[in-house]
Amino acid sequence: MKVQHWGLAWGIAALCCASAASAQGVLERVSGGGKLVIAHRESSVPFSYIDSQSGKPVGYAMDLCLRLADVVRKKTGKKDMQVEFLAVTPANRIAMVEQGKADMECGSTTNNAERRQKVAFTVPHFITGARLLVKSASTIDRVEDLNGKKLVSTKGTTPLKAADQANRERLMGITILEAPDHAKAVEMVEKGEADAFVMDDVLLYGLAAGRPNPGALKVVGRFMTTEPLAIMLPKNDPEFKKLVDDEMRRLITSRDIYPIYEKWFAKPIPPNNTTLNLPVSYLLRDFWKYPTDQVPF
């Protein structure tokens, strides 16, 4: 019996040690000499994507995350802190943060109640909505025009879920297709494999602008969803989240975020030096008057 009790005690002690190790926060790990891991996307233009000329991740969200990385350096006193970049997809991005493989996901991820069960979010850096990308010659002008046609979206995204739900509830007769990433979904529309691509409209504008023939595509339809996009963080690391939230609020209230926004939405961006010409929307401007990580979705 004594042997069994000691075995149980050692087992409990081992579990406690494992829990303590897994509970180590980002700032504590960096203070001990660890890296800051930034997750990025490959084709979420202009938020987070690979510049084909440099081969490096760039974008609006990436610039914000690099600002946040500087704040982590100052807070921890680790001027030599290394930043590691981790490519993620719409399908695995939440798991990478939830499992501790990435400290920040810097892309175009929507902050919603379902995802907040697994991860945390900081103050939104953009507010958009899902619309449709179609060929310029297409007669499709709204989602109702897709009856009997094929609609593609990217796996693991909120627009895909919204389109699927609308299709089922309203008996629209649409064939819903999944693409592994945004670039493939655009390609499917160009090749006629899908009649439309539903995604956040800002991403659609960015993706179309980067194609060999941008004029062959157009964005149509009303907003199907409202999407507050925010940098994703670990769920149970309040010290790290507070540091990130405070810096995001400072960037917004000081208006330091506006030149960063203009760099990616009002000026030529790589790799083709195209300009999106998307000013700050009234929704985002109003939200930034009282910047918060709390969103009603």
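Here the structure is a predicted model, which means the values were calculated and not measured.

Visitor: Requested: an account of the pairing of strand 9 (residues 130-135), with residues and values cited.
Guide: Side chains on a regular strand alternate between the two faces of the sheet. Of all 6 residues that make up strand 9, 5 are buried, and the element is covered over most of its length. Pairing of strand 9 with strand 13 (residues 217-220), which is carried by 4 bridges, proceeds in the antiparallel orientation. By the bridge assignment, K135 is partnered in strand 13 with L217.

Visitor: Can you tell me about the nonpolar core, naming the residues and giving the values?
Guide: If you look at the biggest cluster of nonpolar residues, it comprises 66 residues, and the most contacted ones within it are Y60, M104, F197, F265 and W288. In terms of residues, this core owes the most to one element, helix 3 (residues 60-76), which gives 9 residues. The contacts of W288, once residues within four sequence positions are left out, are Y60, P124, H125, I252, I257, Y258, Y261 and V280. L151, A163, A166 and V198 belong to the second largest nonpolar core, which has 14 residues in total.

Visitor: Could you give an account of empty space enclosed by the protein, with specific residues and numbers?
Guide: On inspection of all chains with the given rule, the structure shows 1 cavity of 30 Å³ or more. Forming the boundary of the largest cavity are 13 residues, of which R93, S108, T157, M199 and D200 lie nearest the centre.

Visitor: How would you explain the state of the cysteines if you had to name every residue and give the values?
Guide: The tally for this structure, following the rule as stated, stands at 1 disulfide. A sulfur-sulfur separation of 1.9 Å characterises the disulfide bridge that pairs C65 with C106. With the S-S bond torsion at -100°, the cross-link from C65 to C106 turns out left-handed. Here the residue C65 occupies a position in helix 3, and C106 occupies one in strand 6 (residues 104-106), the gap between them amounting to 41 residues. The same class applies to C65 as to C106, namely buried.

Visitor: Quick one: what's the story with unusual backbone geometry, residue by residue and with numbers?
Guide: Between V45 and P46 the backbone carries a cis peptide bond, its omega angle lying at 0°. Mapped onto the fold, P46 is located in the loop between strand 2 (43-44) and strand 3 (48-50). Even without being glycine, L171 reaches a positive phi, approximately 50°. In this structure, L171 sits in the loop between helix 5 (158-169) and strand 11 (175-179). Of note in the backbone geometry, N273 takes a positive phi value of approximately 55° without being a glycine. Mapped onto the fold, N273 is located in the loop between helix 9 (257-265) and helix 10 (282-287).

Visitor: Give me the lowdown on the sheet that holds strand 4 (residues 57-58), citing residues and values where you can.
Guide: Across a sheet, strands are paired by hydrogen bonds formed along the backbone, either parallel or antiparallel in direction. Read from one edge to the other, the open sheet built from 3 strands follows the order 2-3-4, with strand pairing classed as antiparallel. The sheet is open, and its two borders are formed by strand 2 and strand 4, each paired with just one other strand. Bridge count between strand 3 and strand 4: 2 bridges; the pairing is antiparallel. Bridged to Y49 within strand 4 is V58.

Conventions and cut-offs
Residues numbered from 1 in each chain as written. Predicted model: local features only at pLDDT ≥ 70, side-chain atom pairs only at ≥ 80, totals over all residues. Heavy atoms only, no water. Buried < 20%, exposed > 50% of the residue type's maximum accessible area, 1.4 Å probe, protein only. Helix = DSSP H or I, 4+ residues; strand = E, 2+ residues; numbered from the N terminus. Pairing = 2+ DSSP bridges. Core = buried A, V, L, I, M, F, W, Y, C linked by side-chain atoms within 4.5 Å. Contact = heavy atoms within 4.5 Å. 1 Å grid on protein atoms, 1.4 Å probe; cavity = no way out; pocket = protein on both sides within 12 Å on 5 of 7 lines; lining within 4 Å. Points joined across faces, edges and corners; volume = space filled by probe spheres on them. Disulfide = S-S within 2.5 Å.

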